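Remarks on the overall topology
Each chain is listed here by its residues.
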Amino acid sequence: MKIQTPKSLRLQIAVFGRANVGKSSFINAITGQNVSIVSAEAGTTTDAVEKAMEIAPIGPVVFIDTAGVNDTSELAGERIKRTAAVFGRADVFVVVTESGVWGEHEEKLREEARERDVPLVAVVNKTDLGGTTDDFRERLKKITPYTMECSCIDNAGQNAAINAFRDVLVRCLPNKSSPLEHPIAADLIPVGGLAILVTPIDAGAPKGRLILPQVMVIRDILDGHRTAMVVGDDEYLSSLSILNKNPDMVICDSQVVNKIAEQTPPDIPLTTFSILFARLKGDLEILVRGAAAIDTLKKGDRVLIAEACAHHAAADDIGRVKIPNLLRKHTGLGDGDLHIDTYSGRDYPAELERYSLIIHCGACMLTRREMLLRIKDAVNKNVPITNYGVAITYFCGVLDRAVDWRIKCVKD
Ligand SMILES: Nc1nc2c(ncn2[C@@H]2O[C@H](COP(=O)(O)OP(=O)(O)OP(=O)(O)O)[C@@H](O)[C@H]2O)c(=O)[nH]1
Ligand SMILES: [Mg+2]
C-alpha cells in the first residue's frame, strides 16, 4: 500500500479571486489535471476543491480552489462562508485577477493574508486578451513582491504558467515554511543515535500494518540519519537488555505509557507518539499547561471536547466516551456536575469563554497553522487548552515524565 503525505502536512496553497477570473483554469494549468470545472459562467466553483501534487523543489503541496465571491447570486452568502473557512488553512494566498483589476475585493484578500502573516502571490491571468500595462505592473509591485502574469487558455501558456509559478513560490517561501520541515522526533535524538519505538500490537491495531503516525516517526528518524528500533510492549525489556548502551529516547504508544515508564530507567528520555505530534501540530508548552487545568475543574464547569474530523463514533469513541469517562473518574464530577460538549468537524464554537477547559483531538486533519490559530484563540480568551494525547498521559500520572525530554534532549 502506498502511504501518501497526509493532506494536512502538505503546503496549503489557496487560490482566491473574483468569479470567472480563471482560478480553476490556473489550478488546472499548474497541476496538469482537470480537477476543477472551468466555465464561462461566473460562480462555477461553489465549494473548495482540492488537488494535491508535488512541486520540485518545494515538495508536497495541495491547491485549494475557492468560489469566486463577488457575485450576487443567492448562493453567494454560503459561498463567502466556505471561502472564508479556507483563510485559516492557507500557507500561501494566491489572488488571481485580470489586467488592470485590483480593487476592494483583492484588497480585502490582501488584508486577510497580512493578518495571518502568509505570503500573497498576485497572478494576472488572461494576458492573451491584452497585455498588462507598465502602470498596473508598478502598482502590483507595490502591493506584493510576488507577482506573475499568465494565460491559461492554451498549452504554451499553461507550461509557462507552471514555471512562473514555481519561481514565484520558491521566492515567497521562507526556507522553513513547509510543514514537513518541522521534525517530529529526529531533532530530539543525537545524530547517529538510537530511538526505541514501542508499538503494542493488540486487537485495536490494524491488520498487517502500522498506523500512519508510527510510520511518520520512523521515516522522520531515518530522514535525520538516526536509528529506529521498533518493538512490541512485551518485547521492550528484552530489547533494552540486548543493547550495549542505553537508547537515546524511548517513544511509546499512550496506551502503554504507564508500563513503559515503569520499565525505563529514569535517565532515559521517554515520551509518546501523541506528545510528539502535539509538538508538531501545536504548542506543546501551552497544551501541557492546559492539562494541569483538569485538576481545577469544579461542579458546574463546562468542558469542550473538539474533534477535527466528523467520523462515525464507535462504542468506545475516544472523544465521546473514553475522554469523558477518564475526566469524570479523575475529577470525581458526575454527569450533572460537569457539562461536556463535543464538537466535531470544522464546526468550532465561537464562544469559548463559557468553557473552563478545551480538550482538542490530535488534529491530524488540521494543519499546524489551523491548530495554532485555535490555540491562540483559546489563550486570548483565557481558556486552558490541551489535547487528547497530553490529557491521557496526564490521567495516567506520567505527563511530567513524558515531557521531561525537553530538558534532557537537544532543545527544540
Ligand atoms: N482568454 C482567456 N480565458 C481564460 C483564461 N483562463 C480562464 N479563461 C476562461 O475564463 C472563464 C472562467 O474560468 P474559470 O477557470 O472557470 O474561472 P474561475 O475563477 O474558477 O470562476 P468561478 O469558479 O466561477 O469563480 C472560462 O471560460 C475560461 O475558459 C485565459 O488565460 N485566457
Ligand atoms: Mg472556479
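Here the structure is shown first, and the text comes after it.
Residues numbered from 1 in each chain as written. Chains lettered and ligands numbered in written order. Predicted model: local features only at pLDDT ≥ 70, side-chain atom pairs only at ≥ 80, totals over all residues. Heavy atoms only, no water.

Structural notes on the pairing of strand β8 (residues 227-231)
Looking along a regular strand, one sees the side chains alternate between the two faces of the sheet. Where strand β7 (residues 194-198) lies against β8, five bridges are found, and the strand directions are parallel. Among the inter-strand pairings, Leu197 is bridged to a residue of β8, identified as Val230. Between the parallel elements β7 and β8, the chain passes through helix α6 (residues 212-223) in a crossover that is right-handed. (Pairing = 2+ DSSP bridges. Helix = DSSP H or I, 4+ residues; strand = E, 2+ residues; numbered from the N terminus. Right-handed = clockwise from strand over helix to strand, strands pointing away.)

Comments concerning the nonpolar core
Membership of the largest hydrophobic core comes to 60 residues, with the highest contact counts inside it found for Val217, Ile251 and Val390. When we break this core down by domain, the ones giving at least three residues each are domain 2 (185-276) and domain 3 (283-395). When sequence neighbours within four positions are dropped, the list of residues in contact with Val390 reads Ile275, Ala278, Leu284, Leu287, Val288, Ala291 and Leu399. Listed in part, the 28 residues of the second largest apolar core include Ile30, Val94, Tyr146 and Val168. (Core = buried A, V, L, I, M, F, W, Y, C linked by side-chain atoms within 4.5 Å. Buried < 20%, exposed > 50% of the residue type's maximum accessible area, 1.4 Å probe, protein only. Domains from an automatic or database assignment. Contact = heavy atoms within 4.5 Å.)

Side note on the layout of surface pockets
The computed volume of the second largest pocket comes to approximately 1000 Å³. As for the second largest pocket, its lining consists of 38 residues, and the residues nearest its centre are Gly88, Arg369, Glu370, Leu372 and Leu373. Those elements that place two or more of their residues in the lining of the second largest pocket are β1 (11-17), α2 (76-87), α3 (104-116) and α12 (368-380). If one sorts the elements of the lining of the second largest pocket by residue count, α12 sits on top with nine residues. Class assignment of the residues belonging to the lining of the second largest pocket gives a composition of 17 nonpolar, five polar and 16 charged. (1 Å grid on protein atoms, 1.4 Å probe; cavity = no way out; pocket = protein on both sides within 12 Å on 5 of 7 lines; lining within 4 Å. Points joined across faces, edges and corners; volume = space filled by probe spheres on them. Nonpolar A, V, L, I, M, F, W, Y, C, P; charged D, E, K, R; others polar.)

Details of helix α13 (residues 388-395)
For α13, a buried count of eight out of eight residues is recorded, marking the element as mostly surrounded by other parts of the structure. For α13, every residue scored as buried is listed here: Tyr388, Gly389, Val390, Ala391, Ile392, Thr393, Tyr394 and Phe395.

Regarding the pattern of salt bridges
On inspection of all chains with the given rule, the structure shows 22 salt bridges. One salt bridge in this structure joins Glu149 and Arg137, with 2.6 Å as the shortest N-O distance. With Glu149 in strand β6 (residues 147-149) and Arg137 in helix α4 (residues 134-143), this residue pair connects regions lying 12 residues apart in the sequence. By relative accessible area, which is 33% here, Glu149 ends up partly exposed. Since its relative accessible area comes to 34%, Arg137 is described here as partly exposed. The network of salt bridges with shared partners includes Lys108, Glu112 and Arg116. (Salt bridge = Lys/Arg side-chain N within 4 Å of Asp/Glu carboxyl O.)

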